[in-house]
Amino acid sequence: MRIGVISLFPQVVESVADFGVVGRAIDNRLASLVVKDPRDFTTDTHRTVDDRPYGGGPGMVMKAEPLKAAIDAVRNELGEGTPVFHLSPAGKPFDQRMALRLSALPAFVLVSSRYEGVDERLVEDSIDEELSIGDFVLSGGEVAAMAVIDAVVRLLPGALGDAESAEQDSFMQGLLDHPHYSRPDTVLGREVPAVLKSGDHEKIARWRHKQALGRTLTRRPDLLRQMELSDEQRKLLDEYRQETGLKADTTPGVSLQVENDEQTD
Ligand code: 4F9
């Protein structure tokens, strides 16, 4: 997989290749990274990449032309039809499903912008899709681009060791992860849940599944609502509610006991 990135801070983006799963994948040639700086594609003596917004207001807007030239240059290396994504808080939410979609591509380009945004005509001309990694504003798109690269590259076959395998990741099942425990038995005055020491693998799997469902119910009811729950999963959730004293009908926006119940936020 070839990944292109457009950024005014190429060293920041290139640092994803220095460590961890992404670094190893790049070392092993499962993925490669090409980073271009729009400032290198300016034609004026001051190498201007931004300008004041038409209509007034605070902040600066990234100029279309240096971005366009940088995108064209990276597309020239990665293939003319390579899709281009712009990281923006106004984008479509980037999630595990989107990560899976991108992991199947031979190449893609991520555009990181700084300042208040980019000239909309560049978006219309050269951006296939805008992606948001969450409902917050960053100082620039670099950290968001690095998050996307990490989420996608770890899905490439061979990127993770056996112990890390991606299919086990909670989001692959649409649920939050269950809690994890390691030695010793008692730490910070708290004991490990007894079931995890029982040696009964079926019971442990059931307990973990229940915790994953329960945590998703309390923390991300929106995720549960998108799921088709099995009878067993409903039973596990009922047990979780009983064990934790959670009342189904007081959970905001969720009533999972009734099938085909109309859901409201
Ligand atoms: C991009 C925030 C993607 C969230 C880009 C400032 C951004 C962002 N997701 N914030 N520039």
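Each value, and the rule that gives it
Residues numbered from 1 in each chain as written. Predicted model: local features only at pLDDT ≥ 70, side-chain atom pairs only at ≥ 80, totals over all residues. Heavy atoms only, no water. Buried < 20%, exposed > 50% of the residue type's maximum accessible area, 1.4 Å probe, protein only. Helix = DSSP H or I, 4+ residues; strand = E, 2+ residues; numbered from the N terminus. Pairing = 2+ DSSP bridges. Core = buried A, V, L, I, M, F, W, Y, C linked by side-chain atoms within 4.5 Å. Contact = heavy atoms within 4.5 Å. Patch = residues over 30% accessible without salt bridge, like charges linked within 9 Å, V, L, I, M, F, W, Y side chains within 5 Å. Areas by Shrake-Rupley, 256 points an atom, 1.4 Å probe, with all protein chains shown as cover. Salt bridge = Lys/Arg side-chain N within 4 Å of Asp/Glu carboxyl O. Near = heavy atom within 4 Å. Polar contact = N/O pair within 3.5 Å; in protein donor to acceptor, adjacent residues only side chain to side chain. 1 Å grid on protein atoms, 1.4 Å probe; cavity = no way out; pocket = protein on both sides within 12 Å on 5 of 7 lines; lining within 4 Å. Sits in = over half its atoms within 2 Å of the grid points. Arc of directions from axis to C-beta.

A. Expanded view of the pairing of strand β1 (residues 2-6). Most of β1 is tucked away: four of the five residues are buried. In terms of strand pairing, β1 meets strand β2 (residues 32-36) through five bridges, oriented parallel. If you follow Ile-3 over to β2, its bridge partner there is Leu-33. Of the pairings in the sheet, the one linking β1 to strand β6 (residues 107-111) comprises five bridges and is parallel in character. Within β6, the position partnered with Gly-4 by the bridge is Val-109.

B. Structural context of the nonpolar core. Counting residues in hydrophobic clusters, the biggest one holds 31 residues, and the most contacted among them are Phe-94, Phe-108, Leu-110, Ile-149, Val-152 and Val-153. Looking at this core, the elements with two or more residues in it are β1, α2 (20-27), β5 (84-93), α4 (96-103), β6 and α6 (142-153). Ranked by residues supplied to this core, first place goes to α6 with eight residues. Setting aside its immediate chain neighbours within four residues, Leu-110 contacts Gly-4, Val-5, Ile-6, Phe-85, Leu-87, Ala-145, Val-148 and Ile-149. Core analysis: the next-biggest nonpolar cluster, separate from the first, contains 18 residues, Val-34, Ala-107, Val-111 and Val-123 among them.

C. Broad picture of a nonpolar patch on the surface. Residues Phe-136, Leu-138 and Val-143 make up a contiguous nonpolar surface patch of about 260 Å² in total accessible area. For Leu-138, the position within the fold is in the loop between β7 (129-132) and α6. A relative accessible area of 35% places Leu-138 in the partly exposed class.

D. View of the site of the ligand. By nearness alone, 13 residues border the ligand, and Ser-88, Pro-89, Ile-133, Phe-136 and Leu-138 come closest of all. One of the backbone N or O atoms of Ile-133 is found 2.9 Å from a nitrogen atom in the ligand. A distance of 3.0 Å is found between a nitrogen atom of the ligand and a backbone nitrogen or oxygen belonging to Leu-138. Computed on the free molecule, the ligand has an accessible area of 290 Å², of which 94% lies beneath the protein chains in the complex. Applying the majority rule of atoms within 2 Å of the grid points places the ligand in the second largest pocket. Counting only elements with at least two residues in the shell around the ligand, the list comes to β5 and β7. If you tally residues by element for the shell around the ligand, the top one is β5, at three residues.

E. Region of the structure containing the side chain of His-86. Mapping His-86 onto the fold places it in strand β5. Here Glu-130 takes part through its side chain, which lies 2.7 Å from a polar atom of the side chain of His-86. Aside from chain neighbours lying at most four places away, what touches His-86 is Val-111, Ser-113, Val-118, Ile-127, Glu-129, Glu-130 and Leu-131.

F. Structural detail: the pattern of salt bridges. Scanning the entire structure with this criterion turns up 18 salt bridges. Among the salt bridges present, the one from Arg-47 reaches Asp-40, with a minimum N-O distance of 3.4 Å. In this structure Arg-47 comes out as partly exposed when scored by relative accessible area, which is 37%. Of the charged contacts in the structure, one is a salt bridge between Glu-232 and Arg-206, with a shortest N-O distance of 3.4 Å. Linking Glu-232 in helix α9 (residues 231-244) with Arg-206 in helix α7 (residues 201-219), this pair joins segments that are 26 residues apart in sequence. Given the relative accessible area of 34%, Glu-232 is considered partly exposed.

G. Structural context of α4. Every buried residue of α4 is accounted for by Met-98, Ala-99, Leu-102 and Ser-103. Along the axis of α4, the buried residues cluster in a sector spanning 140°; they form a single face. On its buried side, α4 packs onto β5, β6, β7 and α6.

H. Quick peek at unusual backbone geometry. With an omega of 0°, the peptide bond between Arg-183 and Pro-184 qualifies as cis. Looking at the secondary structure, you find Pro-184 in the loop between α6 and β8 (186-187). Here Arg-29, not a glycine, exhibits a phi torsion of approximately 60°, which is positive. Tracing the backbone shows Arg-29 in the loop between α2 and β2. Classification of Arg-29 by relative accessible area gives exposed; the value is 76%. Positive phi is not limited to glycine here, since Leu-188 has a value of about 55°. Turning to its location among the elements, Leu-188 is positioned in the loop between β8 and β9 (190-191). Judged by relative accessible area, Leu-188 falls into the exposed class, the value being 76%.

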